[in-house]
Amino acid sequence: MKELRLIVSLLFIVVAFSGFWSGKSPKEIKEDNRKERVERLKTNNETLQLLYKYAPEAKNMILNSYGYATFSNTGVSLVLFSAEGGKGVAHDNKTGVYTYMNMASGGVGLGLGVKEFRAVFLFKDKKAYDSFVNNGWEANAQADAAAKYDESGGAFGAAETVASGVRLYKLTQNGLALQATIQGTKYWKDKELNKN
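Residues numbered from 1 in each chain as written. Predicted model: local features only at pLDDT ≥ 70, side-chain atom pairs only at ≥ 80, totals over all residues. Heavy atoms only, no water.

Broken down by element type, the protein chain carries five helices and seven strands. Starting at the N terminus and walking to the C terminus, you meet the elements of the protein chain as α-α-α-β-β-α-β-α-β-β-β-β. Of all 196 residues assigned to the protein chain, the portion counted as buried reaches 37%. A separation threshold of at least 6 residues defines the contact pool for the protein chain, and within that pool the share at least 24 residues apart is 69%. (Helix = DSSP H or I, 4+ residues; strand = E, 2+ residues; numbered from the N terminus. Buried < 20%, exposed > 50% of the residue type's maximum accessible area, 1.4 Å probe, protein only. Contact = heavy atoms within 4.5 Å.)

Have a look at this one:
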């Protein structure tokens with residue numbers, strides 16, 4: 001029963017801060033969305049530069065992949081509850097099209113604090129990219145660690161396989177994270193920002 005109340009409370013908070021009751025005109029909403037898209041592309045570039053700083057070989061991996069996605073995430077732990085929220089973009093290297101995405105996760109466990117990190121996903125082929133972007137994706141403990149991606153090298157070793165044809169770099173301001181723990185995290189398309 002307590003879990004149900006917690007879920008309902010969290011849903012209320014999400015709806016309350018989603019702009020549903022913002023009172024903004026369609027023109028104001030459109031301008032806010034434009035600014036948000038610009039900000040996400042700026043963050044995307046910053047994330048790629050951070051990755052290249054710590055793993056220069058990753059630049060060729062991104063250029064040779066079908067596409068990639070970058071996310072900027074903030075996680076908060078408050079005693080027994082933890083939550084992460086973030087936003088990002090996916091880029092199709094073949095078409096040059098950006099898709100605006102969101103991510104979120106939550107869990108139960110002891111802890112207190114705030115952590116920030118960046119994530120960069122690399123997609124080997126169109127199937128892996130399209131599945132991530134169009135169907136959304138949920139990371140879980142059964143990520144296919146045995147999946148193969150036909151590459152080698154130092155930077156490649158720093159990226160973890162998290163699904164078939166999908167590799168992940170997790171970064172902090174101090175460098176590459178040794179373990180890319182993303183279990184229980186959901187990624188999905190931002191419907192509002194992807195409107196024309």
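In this section: the packing of aromatic side chains. The full count for this structure, using the stated rule, is 13 aromatic pairs. On the basis of an interplanar angle of 65° and a centroid distance of 6.2 Å, the ring pair of Phe-71 and Phe-132 is categorised as edge-to-face. On the criterion of sequence distance, the pair formed by Phe-71 in strand S1 (residues 67-92) and Phe-132 in helix H4 (residues 126-135) is long-range, its members being 61 residues apart. Aromatic side chains Phe-71 and Tyr-187 sit 4.9 Å apart centroid to centroid with 65° between the ring planes, which places their arrangement in the edge-to-face category. Here Phe-71, found in strand S1, pairs with Tyr-187, found in strand S7 (residues 185-189); they are 116 residues apart in sequence, far enough to count as distant. By relative accessible area, which is 1% here, Tyr-187 ends up buried. Taken together, the ring pairs connect Tyr-66, Phe-71, Phe-121, Phe-123, Tyr-129, Phe-132, Trp-137 and Tyr-187 into an aromatic cluster. A cation over a ring is seen here: Lys-170 above Phe-117, with NZ or CZ 4.1 Å from the ring centre. (Phe/Tyr/Trp six-rings, centres within 6.5 Å; stacked < 30°, edge-to-face > 60°. Lys NZ or Arg CZ within 6 Å of the ring centre and 35° of its normal.)

Under the 1.5 Å per step criterion, the end-to-end length of helix H2 (residues 26-54) is 42 Å for 29 residues, consistent within 8% with the ideal 42 Å. Within H2, burial applies to Asn-33, Arg-37, Arg-40, Thr-43, Asn-44, Thr-47, Leu-48, Leu-50, Leu-51 and Tyr-52. (Expected span 1.5 Å × (residues − 1).)

A word on the nonpolar core. Soluble, globular proteins show a tendency: their nonpolar side chains are buried together. Phe-71, Phe-121, Phe-123 and Phe-132 are the most contacted members of the largest nonpolar core, which totals 19 residues. Here this core gets five residues from one element, more than from any other, and that element is strand S2 (residues 98-123). Setting aside residues no more than four positions away along its own chain, Phe-71 makes contact with Lys-87, Gly-88, Met-101, Asn-102, Met-103, Phe-117, Arg-118, Ala-119, Phe-121, Phe-132 and Tyr-187. If you look at the next biggest cluster of nonpolar residues, it comprises 14 residues, including Leu-50, Ala-58, Tyr-68 and Val-120. (Core = buried A, V, L, I, M, F, W, Y, C linked by side-chain atoms within 4.5 Å.)

Moving on to the confidence of the model for the protein chain. With 64% of its residues at a pLDDT of at least 70, the protein chain reaches an overall mean of 77. Segment residues 110-114: pLDDT under 50, and 14 contacts once partners within four positions in sequence are set aside and those in other chains are kept. Taken together, the stretch residues 141-156 has pLDDT below 50 and engages in 28 contacts with residues farther than four places along the chain or on a different chain. (pLDDT = per-residue confidence, 0-100.)

As a further point, take the pattern of salt bridges. Tallied over the entire structure, the rule returns eight salt bridges. Residues Asp-32 and Lys-24 are paired through a salt bridge, measuring 2.4 Å at the closest nitrogen-oxygen approach. The partly exposed category is assigned to Asp-32, whose relative accessible area is 30%. Here the residues in one salt-bridge network are Glu-36, Arg-40, Lys-87 and Asp-190, joined through shared partners. (Salt bridge = Lys/Arg side-chain N within 4 Å of Asp/Glu carboxyl O.)

This paragraph deals with the pairing of strand S4 (residues 160-163). Of the strand pairs in this sheet, S4 and strand S5 (residues 166-172) are connected by three bridges, and their pairing is antiparallel. Bridging from a neighbouring strand, Glu-160 pairs with Leu-168 of S5. Where S4 folds back on S5, the antiparallel hairpin that results is connected by two residues, among which Gly-165 adopts a positive phi of roughly 80°. (Pairing = 2+ DSSP bridges.)

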